[in-house]
Number of protein chains: 4
Amino acid sequence: MPGSMSTATAPSELRTEPSALERYETVRAFTDELTSPISPEDQTPQSMPDCSPTKWHRAHTSWFFEEFILAGRADYRPFDDRFRFLFNSYYEAVGPRQPRPERGLITRPDAAEVTRYRDHVDSEMKDLLSGNPTAEVLELATLGLNHEQQHQELLLMDIKNLLFSNRFHPAYTVADDPVTGRLDIEHTGWTRLGGGLHLIGHDGRGFCFDNEGPRHEALVPAFDISNSLVTNGQWLEFMADDGYHRPDLWLSDGWATAQTLGWDAPLYWTQEDGRWQTYTLTGDRSITPEEPVCHVSYYEADAFARWAGARLPTEAEWEVAATTQPPATQFRWHPAETANGDRPLRGLFGSVWQWTSSPYTPYPGFAPAPGAVGEYNGKFMVNQQVLRGSACITPPGHERVSYRNFYHPHSRWPFTGLRLARDES
Amino acid sequence: MPGSMSTATAPSELRTEPSALERYETVRAFTDELTSPISPEDQTPQSMPDCSPTKWHRAHTSWFFEEFILAGRADYRPFDDRFRFLFNSYYEAVGPRQPRPERGLITRPDAAEVTRYRDHVDSEMKDLLSGNPTAEVLELATLGLNHEQQHQELLLMDIKNLLFSNRFHPAYTVADDPVTGRLDIEHTGWTRLGGGLHLIGHDGRGFCFDNEGPRHEALVPAFDISNSLVTNGQWLEFMADDGYHRPDLWLSDGWATAQTLGWDAPLYWTQEDGRWQTYTLTGDRSITPEEPVCHVSYYEADAFARWAGARLPTEAEWEVAATTQPPATQFRWHPAETANGDRPLRGLFGSVWQWTSSPYTPYPGFAPAPGAVGEYNGKFMVNQQVLRGSACITPPGHERVSYRNFYHPHSRWPFTGLRLARDES
Amino acid sequence: MPGSMSTATAPSELRTEPSALERYETVRAFTDELTSPISPEDQTPQSMPDCSPTKWHRAHTSWFFEEFILAGRADYRPFDDRFRFLFNSYYEAVGPRQPRPERGLITRPDAAEVTRYRDHVDSEMKDLLSGNPTAEVLELATLGLNHEQQHQELLLMDIKNLLFSNRFHPAYTVADDPVTGRLDIEHTGWTRLGGGLHLIGHDGRGFCFDNEGPRHEALVPAFDISNSLVTNGQWLEFMADDGYHRPDLWLSDGWATAQTLGWDAPLYWTQEDGRWQTYTLTGDRSITPEEPVCHVSYYEADAFARWAGARLPTEAEWEVAATTQPPATQFRWHPAETANGDRPLRGLFGSVWQWTSSPYTPYPGFAPAPGAVGEYNGKFMVNQQVLRGSACITPPGHERVSYRNFYHPHSRWPFTGLRLARDES
Amino acid sequence: MPGSMSTATAPSELRTEPSALERYETVRAFTDELTSPISPEDQTPQSMPDCSPTKWHRAHTSWFFEEFILAGRADYRPFDDRFRFLFNSYYEAVGPRQPRPERGLITRPDAAEVTRYRDHVDSEMKDLLSGNPTAEVLELATLGLNHEQQHQELLLMDIKNLLFSNRFHPAYTVADDPVTGRLDIEHTGWTRLGGGLHLIGHDGRGFCFDNEGPRHEALVPAFDISNSLVTNGQWLEFMADDGYHRPDLWLSDGWATAQTLGWDAPLYWTQEDGRWQTYTLTGDRSITPEEPVCHVSYYEADAFARWAGARLPTEAEWEVAATTQPPATQFRWHPAETANGDRPLRGLFGSVWQWTSSPYTPYPGFAPAPGAVGEYNGKFMVNQQVLRGSACITPPGHERVSYRNFYHPHSRWPFTGLRLARDES
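We now turn to the structure provided with this report. These numbers were taken from a predicted model, which means no experiment stands behind them. (Residues numbered from 1 in each chain as written. Chains lettered and ligands numbered in written order. Predicted model: local features only at pLDDT ≥ 70, side-chain atom pairs only at ≥ 80, totals over all residues. Heavy atoms only, no water.)

Now for the pattern of salt bridges. Counted under the stated rule, the structure contains 100 salt bridges over all chains. Glu317 of chain A serves as the salt-bridge partner of Arg311 of chain A, at 3.0 Å between the closest nitrogen and oxygen. Ionic pairing is found between Glu148 of chain C and Arg28 of chain C, a salt bridge with its closest N-O pair at 2.9 Å. With Glu148 of chain C in helix α6 (residues 135-164) and Arg28 of chain C in helix α2 (residues 17-35), this pair connects stretches of sequence that are 120 residues apart. The exposure class assigned to Glu148 of chain C is buried, which follows from its relative accessible area of 1%. On the basis of relative accessibility, which here comes to 2%, the residue Arg28 of chain C falls in the buried class. Put simply, Arg28, Asp32, Arg118, Asp122 and Glu148 of chain A are held in one network by salt bridges that share partners. (Salt bridge = Lys/Arg side-chain N within 4 Å of Asp/Glu carboxyl O. Helix = DSSP H or I, 4+ residues; strand = E, 2+ residues; numbered from the N terminus. Buried < 20%, exposed > 50% of the residue type's maximum accessible area, 1.4 Å probe, protein only.)

Structure follows, in structure tokens:
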């Protein structure tokens with residue numbers, strides 16, 4: 001099973017039925033809150049094959065509960081048999097499915113029907129969780145909720161990409177951003193860590209995805225990690241120093257990609273009267289030099305680090321650094337680097353996902369769960385890079401020190417940024 | 001100007017203001033009637049670059065009146081300046097516009113806003129037509145209405161294509177088809193026509209598009225034309241005789257296209273338990289051998305004609321044949337070959353567009369109108385084939401003997417069929 | 001059969017065996033002369049799928065004789081059975097064949113082996129023609145020689161394209177161009193022709209390809225045709241007037257093609273220190289304003305004509321004009337407009353192929369020959385435009401008033417230019 | 001510098017001038033030996049962008065000496081200035097160059113001219129090495145020779161791919177394979193290794209490429225590694241068990257690739273009368289079950305390992321295993337698993353490159369050399385997988401325990417196979 005939870009050590013609110021129900025209600029309601037501003041029209045297309053329509057996210061997350069929990073129950077009647085085809089994402093074991101690049105052509109069911117579908121699944125799941133659910137049901141429900149939280153972030157990434165494709169850059173929400181003040185995030189130096197063997201991977205307390213284990217020893221020589229995230233201001237310096245036009249700074253594949261796609265700034269940046277602005281979920285706004293740079297690919301992050309005379313951290317280094325600072329985040333529309341008390345490292349969580357130099361591979365001893373649910377993570381362990389931390393739009397409570405996010409090195413539409421590392425000098 | 005109307009010979013109902021107003025109201029209302037069953041979700045995507053979203057058709061036809069008639073008026077305030085970018089189809093002279101393959105990404109304005117746009121344009125146009133419109137306004141209004149009628153057919157073609165892309169083939173409408181009986185349309189022989197010079201092109205009475213003129217003499221040697229359209233039953237014989245797998249029957253480009261795309265039947269035909277059915281605007285239904293074949297490309301029509309020992313008619317031949325039989329049609333969801341009194345030729349109008357062997361070229365002396373409106377027809381006169389007649393979903397009153405429709409030879413999503421011709425033997 | 005020759009009217013040198021043999025030897029030797037400067041390396045690749053390697057042309061033209069004449073003879077032993085696969089061009093009836101875009105991967109047989117193949121076919125053909133060949137053999141031999149002459153021109157077009165792909169633009173030959181003087185080809189006015197019915201198509205005297213018949217009446221209203229070809233100097237004016245950047249001058253497909261491919265001058269033109277030069281078979285050389293423009297597509301020719309306030313002639317118009325001036329040409333490396341005695345029309349033959357406004361379609365009553373040889377012309381009669389005349393690199397003796405050449409409207413690598421026409425004013 | 005050699009520890013034959021010269025002559029002569037059976041025609045095209053023409057390999061390896069050693073010398077005159085453009089592979093710092101997919105269009109210089117180029121460079125290099133070369137020259141010469149050895153293998157891979165594209169599968173050589181006997185390579189069990197920290201990377205004795213260092217400690221938990229390579233016979237079992245059609249065995253990207261490209265066997269395998277054969281440098285021959293499987297991608301190797309209930313080794317595991325068994329190989333046309341005395345692990349070197357589960361990343365502390373030569377390895381460290389060992393066509397003497405080869409996970413044209421690993425159970 002892709003996510004697991006040691007019954008012995010799981011927190012009490014996940015072990016008892018009322019808590020599972022409560023958690024279910026909270027997570028599902030948050031999806032509804034995030035999608036409530038999105039019209040049926042906005043919910044329907046996809047701007048590129050990587051992105052899915054909002055309507056699809058809403059249905060797929062419900063299908064996950066239906067397919068993996070409800071469908072196996074003797075008395076369950078599927079809401080609509082066709083949804084198994086339409087809303088399966090990539091589970092080969094479940095059977096044929098809508099081709100990913102054609103999710104935007106699913107105009108039926110319409111948004112209202114998807115709402116009825118969600119209600120149907122909610123009603124069944126609440127019945128189940130209110131009763132005396134088995135440990136397996138509880139585990140799968142927890143997995144389904146974590147899955148839904150991933151899609152909460154994805155749907156925001158995807159709607160942002162879609163709305164940006166409209167030349168007039170309409171906003172997803174006019175809601176004010178809860179961030180009011182701005183921090184002084186001048187480069188605040190380095191922290192030295194590592195040296196010797198460290199335990200890496202989930203420690204077994206609470207939920208984790210299968211790719212976060214097995215916990216294992218790793219050799220992490222001493223290294224420095226930057227206390228701050230790389231900022232827009234620093235990125236403008238990189239651009240001013242011709243960083244996008246110097247092949248010596250780039251990986252070969254990155255250079256080819258940047259040339260082919262004409263990259264000369266992060267995704268969503270546009271120039272208006274000679275001044276840079278960036279498109280956000282609340283519309284276009286001026287670049288703020290103090291904020292963390294966001295929407296850069298691995299290739300760009302790697303080139304920036306080389307330009308800065310540094311490198312990206314490995315995922316083990318990042319985890320060693322984060323282990324000392326448990327997550328403390330707040331949901332926001334824009335990435336902002338937040339202090340974590342008086343600890344030196346800022347912005348580990350809740351700002352931007354941070355590219356690491358580690359390709360996404362299995363931990364020693366990793367084995368996916370049998371059956372369809374085993375396709376959750378393992379089969380993607382090639383051609384991608386690990387990102388660590390979490391982003392401002394990651395649902396609060398979904399972060400973990402051991403969390404392994406992953407994207408292809410050319411991806412820019414996630415909320416991706418970076419922090420630097422260097423060898424002990 | 002792409003459409004023109006001789007003031008001297010125009011029928012009275014188009015020359016006086018009340019009639020223009022009435023006509024405006026009728027045509028615009030028909031668009032609303034056709035689009036009323038289409039949900040906001042169905043209105044948004046496009047299934048391929050050739051097709052446009054319903055919402056886009058609704059807005060674009062309104063933009064046409066705004067751009068070419070209202071915008072030039074001193075007191076007119078555009079409904080939304082951005083629509084000039086979003087809803088211009090291909091008029092280079094008007095300026096930059098939404099790329100055609102990305103029309104399906106225009107989620108805003110939403111469907112309700114487009115309705116308000118239509119109302120706004122209607123209100124202004126009705127004011128104008130109720131007053132004392134100039135001859136130029138009247139001509140442009142007539143052009144705009146004929147343009148809208150073209151889009152009425154297009155939007156049905158396009159929504160059909162979109163809904164078919166849904167694996168479960170939902171129907172556009174559950175409305176009963178008005179056709180109840182079926183005609184015996186066994187092959188009913190040939191009619192001999194032609195021989196000598198004939199006048200081809202619009203005769204100046206009433207409206208026509210610019211590509212229908214100038215009227216000119218053409219040499220049309222004697223020929224035979226089939227009284228009936230080619231039927232599904234005949235097409236099944238072609239298929240049974242391996243027609244899709246014999247390169248000697250095909251044009252080289254057609255053969256390459258058929259191989260690449262894996263054609264083995266008309267578009268929308270699928271096999272269920274060994275029996276052929278076809279997707280229609282009212283859903284899947286069994287193939288009816290007596291009905292005209294529909295949704296075949298020029299390449300297929302040409303191959304069929306060769307297989308049948310005949311050929312396709314030229315557009316001049318078709319026009320010579322149709323001149324003797326003025327259009328008499330009825331709007332239907334499915335093509336059905338109708339008799340036209342006791343005249344020998346059936347199905348000239350109101351069933352399926354009929355491929356001709358004529359590439360789409362200008363008539364001798366053709367010159368497009370100056371300005372943006374001159375881009376209406378002339379710039380497409382290469383790489384396409386002429387089709388004649390009209391289809392079951394062509395708005396009644398939109399047919400003409402001289403009407404020249406045109407599509408690329410691989411196009412199959414229009415309601416396209418064929419009738420045969422042969423040289424005098 | 002694609003080419004035919006009325007026995008009654010054929011010139012004596014084609015009807016008797018010695019002449020057929022002599023003709024065979026002459027044509028085959030000219031191929032050898034043209035290909036002698038081409039190294040094995042130059043003979044091997046193809047620069048694009050439209051082009052074929054020299055080695056392939058040499059083998060394919062030999063295969064044509066083998067397949068259509070020798071293979072049917074009881075005592076004939078094929079040189080190598082594999083060549084039927086490798087050197088069949090597009091004859092579906094002959095069987096599977098090397099994919100066209102992969103002709104450049106046929107490294108074996110090598111060039112020397114192809115020479116042996118040519119010798120083998122020559123030996124057999126000469127035996128046959130020295131004997132008492134049947135009329136069918138004679139007809140097919142004539143077709144094969146005309147076919148080889150077409151490939152003589154093609155191989156020069158193709159080697160030019162290949163060598164141009166080398167950044168350093170090596171020359172095909174350092175031989176001096178036989179043209180020494182230059183004509184004053186200022187625009188020399190128009191000739192009025194046409195009006196009424198004209199006989200179009202081959203008149204039956206001597207050889208022609210099947211697509212040049214049947215001879216038939218065509219209505220050709222009065223028109224003016226320009227006495228001169230359009231020149232480089234005139235093309236520079238078109239460019240200076242922003243002709244490549246004004247969509248109103250272009251067909252829609254042409255505009256899209258020009259934008260996608262970044263056209264801003266004819267093919268093979270490059271700018272060096274602000275001055276235009278053009279790549280030729282003898283290397284780069286400065287643009288000569290007086291010479292006919294060459295290597296323009298139909299789209300460009302059409303746009304130029306519109307810019308000039310004229311149009312391209314139809315193929316019937318062109319033939320009416322040429323009928324009065326029988327071909328008189330000389331083989332050259334560069335197009336040069338030559339006078340034809342004191343006749344007004346210059347450059348009809350022997351300079352550049354001239355785009356017509358006529359799509360390539362069958363003449364009334366056209367029917368291809370049965371069997372593989374019937375694939376020669378008919379199956380290409382869609383999506384292409386007719387060109388008339390001949391080019392400087394067309395083998396002398398291969399021109400005819402009724403000759404119909406054809407290319408796709410985007411093609412620029414043939415030696416293509418234009419002359420203008422206009423309606424009677 | 002991408003390759004380095006500790007002067008202190010280098011073996012005597014590389015430190016003294018005569019040895020450097022001798023080594024130069026030996027390596028260069030081996031290229032000539034390998035390319036001598038390749039005709040000018042075979043030397044010219046490339047079968048896909050990944051592959052280069054033989055002629056290009058011959059010139060490029062010479063250019064490497066010219067660019068990095070000779071060009072910097074005051075008295076050196078380049079053989080042809082244009083070669084810097086034509087034969088630079090990917091060194092951005094050197095300047096613009098022939099696009100990789102168009103290397104097959106370089107028909108000039110011809111093969112004979114490339115031979116003269118090689119002679120010119122040889123003459124200059126021999127003069128230089130016969131004199132009193134600096135340490136830098138010696139290091140660069142060693143790098144250049146190792147570079148040339150890499151291209152000796154590449155050119156065989158590439159000519160094999162090209163000749164296979166010929167439908168008749170001509171052989172590169174008819175020379176007998178030196179392998180006469182066949183080993184019994186039934187699965188011969190596992191060897192347990194690892195447990196604790198190991199030194200990984202080049203130990204500084206003799207030449208290595210920059211990517212093989214810095215030498216560093218790595219934690220390698222105990223593991224089992226298979227004594228034998230996976231064989232054709234085992235691969236046939238995988239195929240018989242539907243291994244190519246079970247998505248649960250595959251990485252997601254691998255599954256998509258296999259479906260798109262229609263993989264159902266290793267590259268170069270074809271079926272003839274129901275029996276599998278494989279194309280080799282000596283032509284088609286029957287599959288030998290006892291031989292190591294070759295020409296499988298990482299995706300296939302990974303799927304096979306999963307099917308076998310095992311996994312691929314990491315590159316550190318592989319190196320730990322190989323450290324105990326220094327390379328002992330023989331050049332052959334076909335991979336054959338050889339015993340290495342009585343040591344348990346067979347086929348580590350000299351059979352097939354072995355895919356590891358390790359993505360290609362820099363070792364801790366890795367930094368490329370400054371300047372163009374620094375582009376040798378570092379910029380490719382993303383999106384590729386490490387392979388270890390060497391192949392039958394790897395030039396003898398070019399193997400090393402620390403050698404890191406790398407290819408994209410879909411690559412099949414290198415001589416790639418696999419051995420299995422598993423966790424300590």
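So, on to the nonpolar core. Formed by 98 residues in total, the largest nonpolar core has its most connected members in Met125, Leu129, Leu156, Tyr172, Trp235, Ile393 and Leu418 of chain C. Taken together, domain 1 (11-164) and domain 2 (185-423) of chain C each give at least three residues to this core, which thus spans both. (Core = buried A, V, L, I, M, F, W, Y, C linked by side-chain atoms within 4.5 Å. Domains from an automatic or database assignment.)

A separate point is the relation of the copies chain A and chain B. Superposition of chain A onto chain B requires a rotation of 180 degrees combined with a translation of 0.0 Å along the rotation axis, giving an RMSD of 0.0 Å. In short, the pair behaves as if placed about a two-fold rotation axis. By C-alpha distance to the rotation axis, the residue of chain A lying nearest is Glu41 of chain A, at 2.7 Å. In this assembly, 100% of the residues forming the interface of chain A have copies in chain B that are likewise at the interface, indicating an isologous arrangement. (Least-squares fit on C-alpha atoms with pLDDT ≥ 70 in both. Contact = heavy atoms within 4.5 Å.)

Expressed as a screw operation, the relation of chain C to chain B combines 0.0 Å of axial shift with a rotation of 180 degrees, fitting to an RMSD of 0.0 Å. A high fraction, 100%, of the interface residues of chain C reappear at the interface in chain B, so the copies pair face to face through one surface.

Time to look at the interface of chain A and chain B. The partner chain B presents 27 residues to the 27 residues of chain A that form the contact. Together, the buried faces of chain A and chain B total about 2,400 Å²; carbon and sulfur atoms form 58% of this surface. Counting across the interface, chain A meets chain B through 2 salt bridges. Across the pair Asp42 of chain A and Arg108 of chain B runs a salt bridge whose closest N-O atoms are separated by 2.8 Å. Breaking the side of chain A that touches chain B down by element, the ones donating at least two residues are α4 (83-86), α5 (111-130) and α6 (135-164) of chain A. Classifying every residue of the side of chain A that touches chain B gives 13 nonpolar, 7 polar and 7 charged. (Buried area = accessible area lost by both parts, 1.4 Å probe. Nonpolar A, V, L, I, M, F, W, Y, C, P; charged D, E, K, R; others polar.)

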